[in-house]
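Topology and contacts: notes
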Amino acid sequence: MRVLGVDPGLTRCGVGVVEGVAGRPLTMLGVGVVRTPADAELGDRLVAIEQGIEKWLDTHRPEVVAVERVFSQHNVSTVMGTAQASAVAMLCAARRGIPVALHTPSEVKAAVTGSGRADKAQVGAMVTRLLRLAEPPKPADAADALALAICHIWRAPAQNRLQQAVALHASGSKGRTR
């Protein structure tokens, strides 16, 4: 499975591509950051993020795009920018018919480090180790994007089995009367 991880942000949108399957060594195919100037107009910044993500989709042809699920923060302007960048990533994937998976920061941290409360340094260290890199990707947004892709590769098989079980249960209960 080839996954493009996106750590959304207006100034720095982390992107990383990982290929592999759960239980086997993973391979990093690319990592980077789509940057926009903080003083640019919002619309221009969103277009720049779209163009950057489109280039990553063209270059790496992922099967899935894993995006960090936006969560409530105290700083409303920060969460709004993150949500807008997240929506651009989802739109780019949807336009191409690529499935999108959303993972919370704590899910990603738990999948990669074993603790949902891990800090950025711990996530970076584990991403470096899991992908057999010489050093942690910088900035942290890039490492977080790779962590999102790893999380999805590891969690997708279990999520698929759960969805199939729910669908089977739903179809089996149709037509039954009490």
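Refer to the structure above for everything that follows.
Throughout what follows, the structure given in this document is the object of discussion. (Residues numbered from 1 in each chain as written. Predicted model: local features only at pLDDT ≥ 70, side-chain atom pairs only at ≥ 80, totals over all residues. Heavy atoms only, no water.)

This part is about the overall build of the chain. Scanning the chain for helices and strands turns up five helices and five strands. Its helices and strands in sequence order give the chain the pattern β-β-β-α-β-α-β-α-α-α, from N to C terminus. What you see for the chain is a C-alpha radius of gyration of 17 Å, in line with the 16 Å of a compact globule of 178 residues. Going through the 178 residues of the chain one by one, you find that 39% of them count as buried. Summarising the internal contacts of the chain: among those between residues at least 6 apart in sequence, 63% fall at separations of at least 24. Of the charged side chains in the chain, 21 are positive and 15 negative, and the gap between their average positions amounts to 11 Å. (Helix = DSSP H or I, 4+ residues; strand = E, 2+ residues; numbered from the N terminus. Rg over C-alpha atoms; globule rule 2.2 N^0.38 Å. Buried < 20%, exposed > 50% of the residue type's maximum accessible area, 1.4 Å probe, protein only. Contact = heavy atoms within 4.5 Å. Lys, Arg positive; Asp, Glu negative; His and termini not counted. Charge placed at Lys NZ, Arg CZ, Asp CG, Glu CD.)

Moving on to the pairing of strand β2 (residues 12-19). Within β2, six of the eight residues are buried, which leaves the element mostly enclosed by the surrounding structure. Here strand β1 (residues 2-7) hands over to β2 after four residues, the two strands then running antiparallel side by side. As paired strands, β2 and strand β3 (residues 27-35) are joined by eight bridges and run antiparallel to one another. Note that in β3 the partner of E19 across the bridge is T27. (Pairing = 2+ DSSP bridges.)

Okay, the pattern of salt bridges next. Applying the stated rule across the entire model yields eight salt bridges. Note that R95 and E54 form a salt bridge whose closest N and O atoms lie 2.8 Å from each other. Taken as a pair, R95 in helix α2 (residues 76-95) and E54 in helix α1 (residues 42-60) lie far apart in primary sequence, 41 residues in all. Classification of R95 by relative accessible area gives partly exposed; the value is 49%. Two residues, R96 and E54, come together in a salt bridge whose shortest N-O distance is 2.4 Å. Of the two residues, R96 is situated in the loop between α2 and β5 (100-103) and E54 in helix α1; the sequence distance between them amounts to 42 residues. Judged by its relative accessible area of 32%, R96 is partly exposed. The class of E54 is buried, set by a relative accessible area of 14%. A single network of salt bridges, built from pairs that share partners, joins E50, E54, D58, R95 and R96. (Salt bridge = Lys/Arg side-chain N within 4 Å of Asp/Glu carboxyl O.)

Relative to the elements of secondary structure, L46 occurs in helix α1. Ignoring any residue separated from it by four or fewer positions in sequence, one finds L46 in contact with L10, Q84, A85 and V88.

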